[in-house]
Amino acid sequence: MKPDISSRKDIKYIITKFYDLLLADKKMIPFFEDIVAQNHLEEHLEVISDFWNDILFDTNTYTNNVMKKHVDKNVFVAFKKEHFTIWMSYFFKTIDDNFEGERAHNMKNRARSIATVMELKMGVYQ
């Protein structure tokens, strides 16, 4: 039996492994080229870990607007339905390969909800 997510350290592990998959995917790398080129990947992983820590553990460390960040990025690199599908598959795989339990389930449910709202806000239909 796998453990449930129990700490920010677990979240950072998930986010790091998830980004390993994203950055190895030719269809996904365009969304992260500026972060990698500016050598800001580690900082980015910390920010994303803060975001998920706030969601799963009801903390208050993430101070950005996640929706605005993605809407702004969409102007330069257009999100398509397939990008959300890939994102979800890698995110779920990373969680499922390493964790199970209530928080793991909640993380996947929240990811699904966030992706749906982003798709609607960005007008992603195909």
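If you look the protein up in an unreviewed UniProt entry, it shows as Globin from Polaribacter sejongensis.

Q: Before we move on, could you go through the overall build of the protein and cite the residues and values that matter?
A: The secondary structure content of the protein amounts to 6 helices and 0 strands. Put simply, the protein runs from its N terminus to its C terminus through helices and strands in the order α-α-α-α-α-α. Its C-alpha radius of gyration of 14 Å places the protein within 12% of the 14 Å reference for a compact globule of 126 residues. Principal-axis analysis of the C-alpha atoms gives the protein an extent of 40 × 30 × 30 Å. The proportion of buried residues among the 126 residues of the protein is 40%. The contacts of the protein with a sequence gap of at least 6 include a subset with a gap of at least 24, amounting to 76%. Element-wise, carbon and sulfur atoms account for 54% of the exposed surface of the protein, whose accessible area totals about 7,600 Å². Averaging the coordinates of the 18 positive side-chain charges in the protein and doing the same for the 19 negative ones gives two points 4 Å apart.

Q: An account of helix α6 (residues 102–122) is requested, with residue identities and associated values reported.
A: Between its terminal C-alpha atoms α6 stretches 30 Å, which fits the 30 Å expected from 21 residues at 1.5 Å a residue. Of all the positions in α6, only A104, M107, K108, A111, I114, A115, M118, E119 and M122 are classed as buried. For α6, the angular spread of buried residues about the axis comes to 135°, placing them on one side. Facing away from the buried side of α6 by over 90 degrees, the exposed positions are E102, L120 and K121. Phi turns positive one or two residues past the end of α6, at G123, with a value near 65°.

Q: How would you summarise the side chain of E119 if you had to cite specific residues and measurements?
A: Among the secondary structure elements, E119 is positioned in helix α6. Discounting chain neighbours no more than four positions away, the residues touching E119 are K81, F84 and V124.

Conventions used here
Residues numbered from 1 in each chain as written. Predicted model: local features only at pLDDT ≥ 70, side-chain atom pairs only at ≥ 80, totals over all residues. Heavy atoms only, no water. Helix = DSSP H or I, 4+ residues; strand = E, 2+ residues; numbered from the N terminus. Rg over C-alpha atoms; globule rule 2.2 N^0.38 Å. Buried < 20%, exposed > 50% of the residue type's maximum accessible area, 1.4 Å probe, protein only. Contact = heavy atoms within 4.5 Å. Areas by Shrake-Rupley, 256 points an atom, 1.4 Å probe, with all protein chains shown as cover. Lys, Arg positive; Asp, Glu negative; His and termini not counted. Charge placed at Lys NZ, Arg CZ, Asp CG, Glu CD. Expected span 1.5 Å × (residues − 1). Arc of directions from axis to C-beta.

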